[in-house]
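Structure at a glance
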Amino acid sequence: MAITQLWAVDVYGRVYSLSTAGQCWERAGDMLLELKRVTAGKGRCWGIGCDHNVYLNIIPSETSIRYREETYENQRWNPVDGFTDTLLPTDRWPWSDVTGMNPQPLHSFQLPSRSWEWEGDWFVDQSCGGEPSQTGGWEYAVDFPANFSPDKKWNSCVRRRRWIRYRRYTAQGSWAKIPLNNPRKPPLPLCDISCGGWEMSDQSGRYPYLWGVSQQGQVWFREGIHPRVPEGVSWEEVEAPKEVAQLSAGPGDLLWTLLWDGNLLVRTGLSLDSPTGTSWMEVESPSKEVEVLHVAVGVSVVWVVTKDYKVWFRRGVNSHNPCGSGWISIGGEMMMVDVGLNDQVWAVGEDRGLYFRMGVTPSEPSGNGWIPVSAQWGNRKEVPHSRGDCEVRGQLTEASQASVLSCTDSDSESAPPELQSSTITIVPPVLQAQTPSVVPLGGADTPTHPQDADPSVSQRDAPRPFIPASDSFINSLVSDRDRGATPQPVIQDKPEEEFVEALSSPPILPTSADPVGQDVPWMNVDLEGMEAARSGQATASLLADSSTAATYSLGTLDSSQGVVEEDGPVWTWISGGGCEVDVSSQISWLSPAGPLTSSLSLTPVQSSSWREQQQQQEHREEISRKPLERSNSVWVRKGPLRWWRDWKPHRWVDVGVALEQSTRPDGRKDSIFFVYYTQYDEKRYLHMFINEVTGLVPVLRDCHYAFAVYTAERTRRRWPLVLAAPSEKDMEDWLCLLSECCCECRGIKGPPSRQALWSTTSKGDIMVHEPSFVLEASSHTVPCDHMFWRQIPGHLRCVESNSLGLVWGIGWDATAWVYSATHGEQQQGSMGNAFPMQQQTDVRSVHVYENQRWNPMTGYTDKGLPTDRPMWSDESGFKECTKGSTHPPSPQWTWVSEWAVDFSVPGGADNEGWQYAADFPTTFHGHKTMKDFVRRRRWTRSCRVTLRGPWQQVPPIRLSDVSLMPCLAQSEMDQVPVWALSDKGDVLCRLGVSPQSPAGSSWLHVGTDQPFKSISIGGANQVWAIAKDGAVFYRGSVSAQNPAGECWYHIPSPLRQTLRQLSVGRTSVFAVDENGNLWYRQGLTPSYPQGSAWELISNNVTKVSVGPLDQVWVIADTVPGFSGETPGAVCHRLGVGPMQPKGQAWDYGIGGGWEHISVRGNSTEAPRGPQPPLPLPPPAQVNGNAVCV
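Criteria and cut-off values
- Sequence order sets the numbering: in each chain, residues are counted from 1 along the sequence as written.
- Since the coordinates come from a predicted model, pLDDT governs what is reported: local features require at least 70, and pairs of side-chain atoms require 80 or more to be given and counted, while whole-chain, interface and lining totals use all residues.
- Working from all heavy atoms in the structure, the side-chain values ignore hydrogens and water.
- UniProt positions are given in the numbering used here, feature names are shortened, and annotations may be inferred rather than shown by experiment.
- Secondary structure counts use DSSP, requiring at least four H or I residues in a row for a helix and at least two E residues in a row for a strand, with both numbered from the N terminus.
- A simple rule labels every residue: compare its accessible area, found with a 1.4 Å probe on the protein chains alone, to the largest value its type can have, and call it buried under 20%, exposed over 50%, or partly exposed in between.
- A contact between two residues is defined here by any heavy atoms of the two lying within 4.5 Å.
- Any two strands with at least two DSSP bridges between them are considered paired.
- Put simply, buried Ala, Val, Leu, Ile, Met, Phe, Trp, Tyr and Cys residues joined by side-chain atoms within 4.5 Å make one nonpolar core.
- A cavity, in this analysis, means grid points on a 1 Å lattice covering only the protein atoms where a 1.4 Å probe fits yet has no way out; a pocket is instead an open set bounded by protein on both sides within 12 Å along at least five of seven lines, and a residue lines either one if it has an atom within 4 Å of a point.
- Grid points are joined across faces, edges and corners, and a volume is the space filled by probe spheres set on the points.
- Each residue gets one label: Ala, Val, Leu, Ile, Met, Phe, Trp, Tyr, Cys and Pro are nonpolar, Asp, Glu, Lys and Arg are charged, and the others, such as Gly, are polar.
- Orientation is described by lines fitted to C-alpha atoms, with helices fitted over the stretch in contact, and by angles between N-to-C directions that extend from 0 to 180 degrees.
- Every case where a carboxyl oxygen of Asp or Glu lies within 4 Å of a side-chain nitrogen of Lys or Arg is listed as a salt bridge.

An unreviewed UniProt entry annotates the protein chain as Tectonin beta-propeller repeat-containing protein 1 originating from Gouania willdenowi. Listed under Sequence similarities (unreviewed entry) in UniProt, the entry text for the protein chain is "Belongs to the TECPR1 family."

Here you go:
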C-alpha cells in the first residue's frame, strides 16, 4: 500500500501531517502559516488561512508538474513584402491562441503565482502535426481559419507557427497561496472548503474538484483544476436557495451542505459533464431539537455531528439516492468528523483528541468503535492521543488536595517539571460504539519510579505522570505510605477495563433504575494507609517553603490557558481524504493498544480487593440494601445522579456516585466521595476526600434538583462539582448523607453555636460556618476558601445574628422569622442534624422584560435591530427569557399567580408599565421623550415554596431590614436591642427580645420624616440608618433605658454617591453605595459618634457585615479573573485591628450566588500567646484593588 498522509490543524492554526509509515506528527515547515481548516485529496491538501486565502500543498513525487504555455505567430502574404505580420483588419491577431480569437503576445504571459518558475525562454515548435518539419515550424493555409499543413502551395496566403515555453511548479511539499487570477466574480472571503470528485461514478482517476463557502453563505466552485494546473483557474458561483455554513464533497458524486438554520442541502446531478450539479434537495437534521454542527460525506456514506456533539450516520446513501433514507445514532461525542479514502472516518473529539472509526467496511459502513490516533509528538515519549487522557496545571497547596479530577478538558496539557519524574503510562483507550462488538485493549502497564529515571534525560523529554483510575489510584497511595514526603503525582484517567462492573452494595437511595451506561465498579480502599500517605505529604509541605505549591490535575475553568508546543497540539480539525487506510492496514498509530505498553504490579491490598470484587459480582443480585460491613470497617453507598461536566462542552452527564467510609482503630472515620462516569465508552472517575469538602450548596441549574460540592481548591478555581438528583427526595437524602459525614469528620454536632457566621444564597438557602479562634487572628488567619459551610433548613433572603444566640431572618416576601433552636418538636433536618422543625413558606417574584424599538413606519414594535437584545429577556438583556420558557427558581417552587405587568419598577413607568430610553442598555425612565427610541416593561409572576425549618414567624409587620446589637462573648444582657425597617420604610424597635424570648414582645415605632432602606445598630447602642434617597442618619441618645432614642442626626454622604446599605460594629462603620463601592467612616469617637468623613476602601461590593470585633466581611459581586461566575462571593477583610480599622487586603472564599452574610455573632478572640503555624492563604490583593470592577 502506498504511503499516504493524515492532515490536522490545532487551535492555533498550526498544520500537522502524519504519514502512514511514520509514528510522529510533523508540523508544516512554514512557522508563520496559520490555517483554519484543511481538506485533503489524493496527493494534495487544500486549506483556508486565517487571512481568508486558500492554500495548496502538493505531495512531492518523482514526476514534476510542468505546464506548457503556447502562442501562435500569424502572418499573411502580400505581393510587396511577402509574408509579414501586417494582417487584414478582418484577420486574427498577429499573436494569438490556436483559435485566433484571443491576442497572446509573448510579453503578456506571466507566472500565475510565486509557486511557478520558467524553465527556459520561448522557442519555436519545429514539428507540424507531430511530424518533424523542415519549414521552421510554419504551417500554411489558403486563409484564416482554414486547415493548415506544412506544405507551402501556390495559393497559401497565410501561415502560422507555434511558440512554446514551459513553467514548472516549485511548491511541492509546501503550502502555497492560490491567487484569484481574475475570476469571473471575485468570491467573498471563504469560511469552508472541501475537495472531492476525483472518483466520479462513471469514470475514475479524474482530477479533484474544489468547493468553497463564503462568509455570506454563497457556494463557489473552483474551475480549471487539472493535473498540470493544480491550482485551478477561477471561481464560479453556484446558486443556493439558502445561506450555507459548511459543505462536504465526497470522492464521488456526493455533495452535502449545512445551512445556517441547521438543516442540510444535497446537490444532485453531479457528473463529469455537469461538475456543479443541477439542483438542490433539502434533508432534515437527525434531531428537530438539536441543529447540525458538521457534515462529512464519502463515496456512499454521510456522517453528521449535531450541536450536542452526538454523531449520526445516514443510511441508504448512494449515487442514485444521494439523500439517503434515515439516520442512525452512533456512539461517541465528537466536534467534527471527516470521511477519507475507502469511506474511513476520522474525528476530532469534544476533548480535542483525534479518533479513528474502527471496523468500517463496505458491509458495515458505520464501523464498530472509536480508537485514538496515538501518534507521538516530536521527541516526547508519551502519546498525546486524547485530551481526555491529558492533564491541566492548577496550583493546589499541599494542605488541600481534594477534588482531584481524573479527566480534564483544558487548553493546557503540560505537567509541571517537578512532577515529570514519576510516571505510570496509560494504554490508549478504545471507544466502543453502540454495538455488541468490542475492540480489545490488550497490554499491561509498567510503573516508572523516580529512582529509575536517567538524570541525563531532560525534563522536556520525560513522560508526563499518570496514575491509573479507581482502585489502582487508591492503592498506589497505599503503596507509597512509606514515602510520605514524596510529591503526589498528577492524577489522570485510565480505562477501567479490568474493573468489576458494579459496586458491591445496592443503591442506598430509592431509585427506579440505574443511570444510563453506568454499571459502576468500586473497590475496597485501605483508607488508613492512604491517610498516612496524605498526612506525610501534608507534613512535608508544612516544612517546605510556604509559597511552594503542588500541581494537580483539575477541571478546566477558563479557556484562556495557553498551550506550549512541547505539550502537543490541541486539535480542532482533521482531514483524512488523502490517507489510505483499510481493514488490512498495519499502522502503528492506529493500534488499539498504542505504541506503548506496560504493566502494573499489584499490592496485596489491591489483589485481595480485586478477588473480593469478583466474588461480589457473582453474588451482587443477592446483596441487601444495607451498607456492606466488612472486616476492615469499610462501607459503601452508591446511587445514580447527573453531573454537570467539568470540561467543555459543559452538559449534564448520567453518572454513578459512591460514598466510601472507613473507621480507624481510634474510632475516627474517613470518607471518599467517588463520581463514576463514562466518556467515549470508557469508565472513568473523579473523587474528593470528605474532610476536604468545604460546602454543600443547593444551586439553580436548568430546573434540576442540583447541588454543588465545594473544596478549597475548587473554591479557588471557581468550579464546584455540580450534581443533580432525579427527585427532591433523592437530593435531600444525598445532602443529608454527605453533610453528616462532613460534620462528623469535623466534630460538628447539633444546632449552630452562638458564634456562628450566617449567610444566605440568592436561592434562599441558609448557610452556617462554625468559626475557630484563629478566624479573626492577626496572623495565621484561616483562609476563606478553607471555611466549611453547612446548610440549615429554611428559606430566607437575609439573616442577622449576635453572640447571645439570637438569629433573625427576613424572607423574600418580607416575613420576619426568628431562629427557634430551643422551641418546637425535634425532627431530623435535611442536612442531617436535629433541629426544631416548623412549617415555613416564602413567596418571591420572577421577572421577565418585554423590549421594543421604535421605527417610523409602525411605531414601537418587537422587531429590533440585529444588534439589539432579545425582545423578551432578563434585566441585563443578555439572556432570552420569554413568559413561556421562564420557570420558577427551582422545582421546589410552584406558581401562585399569572403573569402581570409590574408597575413598581425602579425609575417609574407609564400607565401601561413601559419605561423609555434612547437606546439599549442606557438608563430607563417612566415618561417618553422625543429622543427615546426603545422601551421596555417588566412582567412579574409570583411563586411559593413550602418547607419545614427551625424558624418561628414574627407577625404581623413585614420587614425589609433588621439588625441586632453585637456584643462580646462574655456579655450578659436582659434585653437585646433589635432595630428593623418595615417594607414601607418605617423604623421599628423590637422590645422584650432576650435569649429566653428571641421573638420579643412588641414593636415600638420610631418617628422619621421619610422612608428608610437600611439600618444597623452597633456597640454602645449606635444606630445608623440610610433613607431611600441615600441620606445617612445617626440616632442619638439610644440606651437601655431609652431604647428608641431621641432624634436623628443627618450625616453627609460621600461626594456624588448614594449609599444603600451599612453595618456598624463595635467602633467602626462601613457602608456600600449604589455603585458597589465600600466606604469607611473616619473619626468615630465616644464624644463624637457621628464621625468626620468617608474614606473609600474598595469597589464591587454588594453587602457588608461588621462584627463585634470590628471584623469586616463582604459579599463581593465578582472575583478577579472569574467574570463568568454567578455574582456573589464571600470575602474577608484581612489585617483589621485597633491600629488598622480599615484592614489591608482581601481574602476570597466560597462564591457563586451568595446574597448576604452576617458575622455579628462571632466575638471569639484569638488567644494572646503564640499560635502554631497554619496554612497560609493565597496571596491577597492590596487595599484598593481587592475586588475587580
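To continue, consider the overall build of the protein chain. Secondary structure assignment for the protein chain yields 5 helices and 79 strands. Out of the 1189 residues belonging to the protein chain, those deemed buried represent 56%. Residue pairs at least 24 apart in sequence account for 62% of intrachain contacts in the protein chain once pairs closer than 6 positions are excluded.

The next point concerns the side chain of S17. Position of S17 among the secondary structure elements: in strand 2 (residues 15-19). A residue is classified by how much of its surface remains accessible, and S17, at 10% relative accessible area, is buried.

Extensive coverage of strand 77 (residues 1145-1151) is indicated by the burial of 7 of its 7 residues. With 5 bridges joining them, strand 76 (residues 1129-1134) and strand 77 adopt antiparallel strand pairing. Bridged to H1132 within strand 77 is D1147.

Turning our attention to the nonpolar core. By size, the foremost hydrophobic cluster in this structure holds 33 residues, and its most contacted members are W25, W175, W346, V373 and W589. At 4 residues, strand 1 (residues 5-10) tops the list of elements feeding residues into this core. In this structure, W643, V655, M688 and L723 belong to the second largest nonpolar core, which totals 32 residues.

This part covers empty space enclosed by the protein. Counted by the stated rule, this structure contains 8 cavities of 30 Å³ or more. By volume, the largest cavity is sized at about 180 Å³. In terms of lining, the largest cavity is formed by 26 residues, of which the most central are T39, S194, S248, A249 and D338. Of all the elements in the fold, those that place two or more residues in the lining of the largest cavity are strand 4 (35-41), strand 17 (190-196), strand 21 (244-249), strand 25 (292-297), strand 28 (326-339) and strand 38 (571-575). Residue classes in the lining of the largest cavity are distributed as 15 nonpolar, 9 polar and 2 charged.

Under the feature "domain: Peroxin/Ferlin" (unreviewed entry), the UniProt entry names residues 64-125, 137-170, 841-902 and 913-946. Split by type, residues 913-946 is 0% helix and 50% strand. Its first and last C-alpha atoms lie 31 Å apart.

Time to look at the sheet that holds strand 46 (residues 757-761). Backbone hydrogen bonds hold the strands of a sheet together, and the pairing may be parallel or antiparallel. Here we have 4 strands laid out as an open sheet, ordered 48-47-46-78, and antiparallel in their pairing. This sheet does not close on itself; its edge strands, each paired only once, are strand 48 (790-792) and strand 78 (1154-1158). Strand after strand, the sheet turns through a mean of 30 degrees between neighbouring axes, direction not considered.

Before going further, it helps to examine the pattern of salt bridges. All told, the structure shown has 38 salt bridges when counted by the stated rule. Close ionic contact of K307 with E291 constitutes a salt bridge, the shortest N to O distance being 2.9 Å. In this pair, K307 is assigned in the loop between strand 26 (302-306) and strand 27 (310-315) and E291 in the loop between strand 24 (279-283) and strand 25, connecting sequence segments 16 residues apart. The exposure class of K307 is partly exposed, given its relative accessible area of 44%. Overall, E291 belongs to the partly exposed group, its relative accessible area being 32%. R937 is paired through a salt bridge with E850; the nearest N and O atoms lie 2.9 Å apart. Pair noted here: R937 is in strand 60 (residues 934-949) and E850 is in strand 54 (residues 838-855), with a separation of 87 residues, a long-range link. Taken individually, R937 and E850 each receive the classification buried, so the pair is uniform in this respect. Via salt bridges that share partners, K310, E333, E350, R645 and R651 belong to a single interconnected network.

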